[in-house]
Each structure stands twice: as structure tokens, then as C-alpha cells.
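# Fold and contact review
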Amino acid sequence: MERKKPSLHAALLLLLVDVIIICVGVLPENLYGFEQGAQIPLLLAGIVSAACGVFIFNVKWREIEEGMYKAISVALQAIIILMIVGSLVGSWMQSGVAPTLIYYGLELLTPKYFLLAALFICCIVSLSTGSSWSTSGTVGIALMGVGAGLDIPAPVTAGFIISGAYFGDKMSPLSDTTNLAPAVAGSELFDHIRAMCWTTLPVLVIVAGIAVYFGNDYASGTIDSSKITLIQEMMRSEFTISLICFIPPILILTSAAMKIPAIPGIVLGILSAVAISIFNGTGLGSILDVLFNGYTPGIITELGNAETAETVSALIQGKVLEGLGSAHEQIIEIAKMLTELFSRGGMNGMMETIALILMALTLGGILEVCGFLEVIINKLLSMVKSATGLVTSVLVSCIFSNIFLADQYLSLVIPGRMYKKAFEDTEFNGKKMAPVMLSRSLEDSGTLTSVLIPWNTCGAYNAGVLGVATVAYLPYAFLNYLVPITAIILTKFGLGIKWQEEA
């Protein structure tokens, strides 16, 4: 039977059905969902899309299968990088690299500059862990308490915490979204990070200025330094805090500046962290286990699980915490927070994310090979007359994906698959934009606006852990909505645009 080309209405209807399937799977129960991971809903949406392609539009199964394989092959490098990044995170935890960055970041806290310090502490933590969720769910919670003690409105504190947390989520080579976006767009990891500097670093400076301005209103407050001291002392009891631990991050940044490929650069970061662990007396067997399974704190976990003051006192005997033995309840509370922050990494810890990426790319490949994405993108491109229009289309599509698909990863994969060919083929004044322009646009909007949607997984999570409604902190999450605006302005004036190299 002859293959049929889907109409625009048919493609939009199928996309709506897929959106409903995914949303029912991932949304919370109080929003008529099942609050599950997106992997199975994506699989179901893929089955429905493939069935429509085969039985309605006469697409051969062999073509669909090849389309799935082709879509997945695009992300193979990113999947390898993600696995290596899992080992990098584990090694940075065990060696004390990430704790050292956080330890010195906490030294920045003063009343007048609390919001500025909160912004940069969250930047440091998310850059060193690659996770906005871990940052807001651990250090973010602690900073919310400090902000409340200074009589700073909770939505204001939450907005700056989220701005910092998502800066690192967007810019860190350890972040899964930072690896996923270039994989979908066909660009290189470090090229992608360099391209994002154009839109993100200027906005970070603006947000820092806003934090200083806001901070003038709270300069008369006082910070309870005992809690900060307790956090630092607890980290010292678990890790070796040393200036040597700055070496691995410096090596990663240097390799990126020297345009060393991502995998060798990340491996260099792992090897330097492993060398620090060996220097600190860690056994090779323990190091290999952490590289695969991730790091779990020792004394901090035991303190978090302690049920009585006697247990706490016994655990901290002979430790740097011994002088703080009277604060038993606070020790247990902070230990639980730090256990959640530092229990991470390892190749094994990346498998859930990799499964989600594979399922999302499978769905994207099916939609692409059956022609559903083609008719939609052709309609959108018929209205695009400039590079600014194309970038704006990607940014808006990512926002709509965050609204209707309710998941950050999908807002990168689906628009990425839709616009990849457009960026490869569309010319403006005889030039085509480079793939990093697509990957940058995906992150400028897909990564950052996810936390601004109340029913999106990111918005729901952050509202829950910070105790502030999404619509309440939204006006103060300046970085998250100023970056997409900045991206449009820069493109309009021809600044920071990367073009494909001429043959």
C-alpha cells in the first residue's frame, strides 16, 4: 500500500494524544495524574504513534525501526558522557572536591549580601554537583531558614536560590540537561557551554546586581552563624577540606578553554579526583566502587539515622564535632540534609536518566520518520523570516513543551528533534546557524522555564521542598526568565550567533 503523508490536523491531534498520555503519567495525583517517571508514558506514546504510522499512514515497520535507531544514535556520545559524568560526580564527592567548594561558598554569608551569597552558593553547589534539584532540596532549604531569620520574604529567597541552582544545572558539564541538549542538536558539549556563556553570564551579572539592590533592605538583620558553622564542621568530619580540591574543577575549566574534547576532559577531572582520594588514604577498592555505585557518606549518614542524644554523642566522640555535642537535634537535622546532598554519583546513578533519554528519543524518532514532525515544523517555518524568528520559535516551543508535557527533558528532546533539520537547512543571507545555536536555545528556555510551571515536575518539586508556591517565587527567579529574553535580543542584534563553517 502507498504511504500517506499526514495532514497538519492529524499531526497536531496525534501530538495532543501523546501529550495527554505523558501528562497523565507524570503529573501528580491531585492533577489527575499518576506521578510516575516519564519512561513508561513515553513508551506508551511511542506505541500509539507507531501504530498510527503503520495502520493509518501505511509506514513500513522497518522504516519506523530505522528511525528509532537513527534518533538514538544521535545521543550515543551524550549517553557515554553521562555515564562518565556519573563517575566524575562520585569521585568529586569522595575526594572532597564538591564539599570543599560548598564549604568555602558558605563563607560568603553576610546579612546585607545574603541574597547575593545565596545566589552564588547555589551556583557553586549546582556547578559542582550538576543538579538543581539536589541544590534546592538541600542547601536551598538551609538558606530558606537563614533568610527567614533575617525577615526576608520567602518568595524572594526562593527566587534567588532557584536562579543559582538553575545556572549550574544549565552550565555544568556534570548536568544531564547540559549533555542532553547538544546530543539532540548535534553539537559538542564544551562548544555548547561556551555558546551559552553569551546569554547566561550577562544575565547572572544582572541578577547579582538585583540581589545587591534587594539586600540593602535587609542589611540590619543578623545571621545565626551557629548553623552555618555546624554544617561546615560536619563536612570537615566527613571529608578532607583542602585547597588542593580546587585542582579538578580548574582542570575541567582549562580543558574546556583549550577546546579539548569532552570525554578526555571529564576523564582528566576523574583521574585528578582519584589521585586526591588516594593521597587522602582511600583504598582503591572503595574508589572503584564509588565510580560505579556512587558515594554515600559515612559518619554523616550515621548521624542522620541517630534517634537519641546518646547515639549522637557516641558518634561524635573524637570528631571535630565534639565541641558542638549539645545541639543533638540540629546535628541530626543537618546530617539528614547533607546525606541527601552528598549521596550521589556513580555510573549506576545515571541509568534512570539514560532510560528516559532513550525513550524520549525513540518517540521523537517515530514522530519524525512518520512525517508528523515534518508537517508541524514546515508550518512553523513558513512564518519564520529571520534568524531571530527561528531562535524565538525554539524558545517558545520549549515553553509550550514545559507547559503541556510537564517535563524538563521532554522540552529539550521534542523541540530539539523538531528543529534539528531546520537549523541544518535554513539559510539567512547565505549562511546557516551552527548546531550550538539550537542546543543553546533549548537550554535557554527548556531547562530554565521548567521550574516556572506549577505542574511541571521541576516546578512542583521546588515548590514542595522550598515551601513556596511556584507563582509566588516566579517573579523573583530572575535568571530563569531573563535568559530567554536576552537570547532573543542578542540574536536580533547579531551578537553571539554561531554560524556553520563555510566549506
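Residues numbered from 1 in each chain as written. Predicted model: local features only at pLDDT ≥ 70, side-chain atom pairs only at ≥ 80, totals over all residues. Heavy atoms only, no water.

## A word on the nonpolar core
Soluble, globular proteins show a tendency: their nonpolar side chains are buried together. Heads up, the rule is: Definition used in this section: a nonpolar core is a set of buried Ala, Val, Leu, Ile, Met, Phe, Trp, Tyr and Cys residues joined via side-chain atoms within 4.5 Å. Using a 1.4 Å probe on the protein chains alone, a residue whose accessible area is under 20% of its type maximum counts as buried, one over 50% counts as exposed, and one in between counts as partly exposed. In what follows, residue pairs with any heavy atoms lying within 4.5 Å of each other are defined as contacts.
Residues Phe114, Leu115, Leu143, Phe160, Met234, Leu338 and Met433 are the most contacted members of the largest nonpolar core, which totals 154 residues. Excluding residues within four positions of it along the chain, Met433 makes contact with Ala387, Leu390, Val391, Phe423, Phe428, Ile497, Lys498, Trp499 and Gln500.

## Re unusual backbone geometry
Going by this rule: Only DSSP runs of H or I reaching four residues or more are called helices, and only runs of E reaching two or more are called strands; each is numbered from the N terminus.
The backbone phi angle of Asn58 is positive, close to 60 degrees, even though this residue is not glycine. You can see Asn58 is positioned in the loop between helix 2 (39-55) and helix 3 (61-74). Owing to a relative accessible area of 13%, Asn58 belongs among the buried residues under this scheme.

## Considerations on the pattern of salt bridges
For the record, the criterion: Criterion for a salt bridge: a side-chain nitrogen of Lys or Arg within 4 Å of a carboxyl oxygen of Asp or Glu.
Applying the stated criterion across every chain yields a total of 9 salt bridges. Here Asp191 makes a salt bridge to Arg194, at a shortest N to O gap of 2.4 Å. In this pair, Asp191 and Arg194 both sit in helix 11 (residues 189-215), 3 residues apart, roughly one turn of the helix. On the accessibility criterion, Asp191 (33% relative accessible area) is partly exposed. For Arg194, a relative accessible area of 26% gives the class partly exposed. Across the salt bridge formed by Arg417 and Glu368, the nearest N and O atoms sit 2.3 Å from each other. Of this pair, Arg417 sits in helix 22 (residues 410-425) while Glu368 sits in helix 19 (residues 351-369), and the two are 49 residues apart along the sequence. On the basis of relative accessible area, Arg417 is assigned to the buried category, the value being 6%. Where salt bridges share partners, they join Lys170, Arg440 and Asp444 into one cluster.

## A word on helix 15 (residues 284-293)
Spelled out, the test is: Note that the arc is defined by the directions from the helix axis to the C-beta atoms.
Along helix 15, the residues classified as buried are Ile287, Val290 and Leu291. Down the axis of helix 15, the sector holding all buried residues measures 100 degrees, keeping them to one side. The outward face of helix 15, more than 90 degrees from its buried face, is lined by the exposed residues Gly285 and Leu288. Along its buried surface, helix 15 packs onto helix 4 (76-95) and helix 14 (262-279).

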